[in-house]
Every structure is written in structure tokens, then in C-alpha cells.
Amino acid sequence: MAQLGSCSNDELGVVNDAVCVTIDLPVTTVGTPIPVWTDTSTFAINGTIVVENNGTIGVSPTASLEVNGTAVTDFTVGPGEAQSITLNNIESIAIAGAGGTGTASVKVAFSLNYKF
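What counts, and at which threshold
- Residues numbered from 1 in each chain as written.
- Predicted model: local features only at pLDDT ≥ 70, side-chain atom pairs only at ≥ 80, totals over all residues.
- Heavy atoms only, no water.
- Phe/Tyr/Trp six-rings, centres within 6.5 Å; stacked < 30°, edge-to-face > 60°.
- Helix = DSSP H or I, 4+ residues; strand = E, 2+ residues; numbered from the N terminus.
- Buried < 20%, exposed > 50% of the residue type's maximum accessible area, 1.4 Å probe, protein only.
- Pairing = 2+ DSSP bridges.

Attention now moves to the packing of aromatic side chains. For the structure on display, the rule yields one aromatic pair. Seen in terms of ring centroids, Trp-37 and Phe-110 are 6.1 Å apart; in terms of plane orientation they differ by 50°. Their pairing is tilted. With Trp-37 in strand 2 (residues 34-38) and Phe-110 in strand 8 (residues 103-115), this residue pair connects regions lying 73 residues apart in the sequence. Classification of Trp-37 as buried rests on a relative accessible area of 17%. Overall, the relative accessible area of 4% leaves Phe-110 in the buried class.

This is how it looks when you write it as C-alpha cells:
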């Protein structure tokens, strides 16, 4: 018989969620991070974040990832590019723009994994 709700007898339950959001990253927000997600729970959240910049190559702003209020080193996604990273203890995710003109359409997909 199937386990309803993926229940188990383990001491800790495990939750894995996936979220995808598309944001417009206008050049007017350069230097001002756009919040994507904030952890309001008491759980330690781990996960993988993927950023895809669908802006116009050579024109649109680049997208930089900020996690927990700090820029992620060497994580800048140019127009037409995608990049991913796996991190522990994610409390917040934001995207900041740099350079370019106009607006870039940026997809942010992330998995959230935690135990309770």
C-alpha cells in the first residue's frame, strides 16, 4: 500500500520544494537587489539556485545573485547565460543588476530542502 503524503516513520521528516519565478530586471534597479525569496521558518534551508538571464545579448543588464544579503562571489549571469549554485543555510535570495540598458527577463529557479 502507498504511503499517503509520503509519510515515513523516520524521526525527522524531509521536505523538498521547487520554485520558479521570472522577474524583470530593469537597468533602473542596478545596485538595488530585488528580493526573490525569504525564509520565514525556523528550519535550516539548503538548496540549489539556478539563474537564467534571457535579456538581449550585449545590451541588457547582467544579473548577480545575493544570498543572505551578501553577493555570491563569481556569480554574474550575462544576457543569454545561465548559472547554478548549491548552498547551505539559505535565508534569503535576491537578484541585482549591473550595466546594460533596458530590461532583462531573469528566471530564478531554486530547490528548498529541509528537515523538521
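Within a regular strand, the side chains alternate between the two sheet faces. Going residue by residue along strand 8, you find Ala-104, Val-106, Val-108, Phe-110, Leu-112 and Tyr-114 tucked away on one face and Thr-103, Ser-105, Lys-107, Ala-109, Ser-111, Asn-113 and Lys-115 left uncovered on the opposite face. Relative to strand 8, strand 1 (residues 14-26) is paired through 13 bridges, and the arrangement is antiparallel. Within strand 8, the position partnered with Asn-16 by the bridge is Asn-113. Relative to strand 8, strand 3 (residues 47-53) is paired through five bridges, and the arrangement is antiparallel. Within the sheet, the bridge partner assigned to Val-50 lies in strand 8 and is Ala-109.

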